[in-house]
Amino acid sequence: MIAYRERFSLLRLQPGAILLLATGWSASWGTDAYADHPWLTPESAQAIVNASVRTVGVDALSVDPSGDPDLPAHRVLCGAGGVIAENLTGLDRVLAAQLAGRQVEVYLFPLHLPGSDGAPVRAVARVGDPVRYP
């Protein structure tokens with residue numbers, strides 16, 4: 001678990017941040033391989049929560065392994081009041097923009113579905129001008 005904490009602290013996660021996990025897995029969409037996706041361990045989900053991040057997006061089917069009925073990462077993240085956005089696409093472009101020093105703002109607009117525990121979202125990333133430091 002220490003390795004996860006160290007890895008996430010290097011990202012300088014802060015309260016209010018949206019953590020996007022760009023795994024490249026969305027390229028497998030529509031194939032049989034899509035269900036065999038990368039996922040978070042409960043320890044890594046806890047490290048995210050410990051960093052006070054409550055919104056996680058991933059370009060894979062789930063933050064948990066396919067077929068795991070216990071949903072351990074969901075339980076950790078949602079148990080802390082978190083929000084999870086799955087099946088995102090285009091995160092490679094968002095990451096490239098951020099690595100190029102551009103400002104990135106991410107918005108997740110869910111549909112209001114009364115009585116449900118999830119909903120489709122319209123995920124939007126706004127890429128701005130390069131960050132300039134004085």
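Fair warning: this is a prediction, and the values are worked out from it, not measured in the lab. (Residues numbered from 1 in each chain as written. Predicted model: local features only at pLDDT ≥ 70, side-chain atom pairs only at ≥ 80, totals over all residues. Heavy atoms only, no water.)

**Overview of the packing of aromatic side chains**
Next up, step 1: Enumeration over the complete set of coordinates arrives at two aromatic pairs.
Next up, step 2: Centre to centre, the rings of Trp29 and Tyr34 are 5.2 Å apart; their planes meet at 85°, and the pair counts as edge-to-face.
Next up, step 3: A relative accessible area of 60% places Trp29 in the exposed class.
Next up, step 4: With relative accessibility at 7%, the residue Tyr34 sits in the buried group.
Next up, step 5: Between Tyr107 and Phe109, the aromatic rings sit 6.1 Å apart at their centres with planes inclined by 10°, giving stacked as the arrangement.
Next up, step 6: Under the relative-accessibility criterion, Tyr107 is labelled partly exposed at 35%. (Phe/Tyr/Trp six-rings, centres within 6.5 Å; stacked < 30°, edge-to-face > 60°. Buried < 20%, exposed > 50% of the residue type's maximum accessible area, 1.4 Å probe, protein only.)

**A few points about the pattern of salt bridges**
Next up, step 1: Enumeration according to the criterion identifies one salt bridge in this entry.
Next up, step 2: For the salt bridge of Glu105 with Arg126, the shortest nitrogen-to-oxygen distance reads 3.7 Å. Of this pair, Glu105 sits in strand β4 (residues 102-110) while Arg126 sits in strand β5 (residues 121-130), and the two are 21 residues apart along the sequence.
Next up, step 3: Look at Glu105 and you get partly exposed, because its relative accessible area is 33%.
Next up, step 4: For Arg126, a relative accessible area of 47% gives the class partly exposed. (Salt bridge = Lys/Arg side-chain N within 4 Å of Asp/Glu carboxyl O. Helix = DSSP H or I, 4+ residues; strand = E, 2+ residues; numbered from the N terminus.)

**Thoughts on the nonpolar core**
Next up, step 1: In terms of nonpolar packing, the biggest core is built from 18 residues, with Leu19, Leu21, Leu40, Ile48, Val53, Val63 and Leu77 touching the most fellow members.
Next up, step 2: Where this core is concerned, the elements lending two or more residues are β1 (18-21), α2 (42-50), β2 (55-58) and α3 (72-79). (Core = buried A, V, L, I, M, F, W, Y, C linked by side-chain atoms within 4.5 Å.)

**Some thoughts on the pairing of β2**
Next up, step 1: Residues of β2 alternate between two faces, with Thr55 and Gly57 on one and Val56 and Val58 on the opposite face, all of them buried.
Next up, step 2: On the question of chirality, the crossover connecting β1 to the parallel β2 by way of α2 is right-handed.
Next up, step 3: In this fold, the crossover linking β2 to strand β3 (residues 83-85) by way of α3 has right-handed handedness. (Right-handed = clockwise from strand over helix to strand, strands pointing away.)

**Regarding a nonpolar patch on the surface**
Next up, step 1: Together, Tyr107, Phe109 and Val124 make up a nonpolar patch on the protein surface, roughly 260 Å² of accessible area in all.
Next up, step 2: If you trace the backbone, Val124 turns up in strand β5. (Patch = residues over 30% accessible without salt bridge, like charges linked within 9 Å, V, L, I, M, F, W, Y side chains within 5 Å. Areas by Shrake-Rupley, 256 points an atom, 1.4 Å probe, with all protein chains shown as cover.)

**Considering the sheet that holds β3**
Next up, step 1: A sheet is described by the order of its strands in space; here three strands give the open sequence β1-β2-β3, paired in parallel fashion. With partners counted over all chains shown, the strands left at the sheet margins are β1 and β3, one partner each. Across the sheet, the mean angle separating the axes of adjacent strands is 15° when strand polarity is ignored.
Next up, step 2: Bridge count between β2 and β3: three bridges; the pairing is parallel. Each residue of the ladder has a partner; that of Val56, found in β3, is Ile84. (Pairing = 2+ DSSP bridges. Axes fitted to C-alpha atoms, helices over the stretch in contact; angles between N-to-C directions.)

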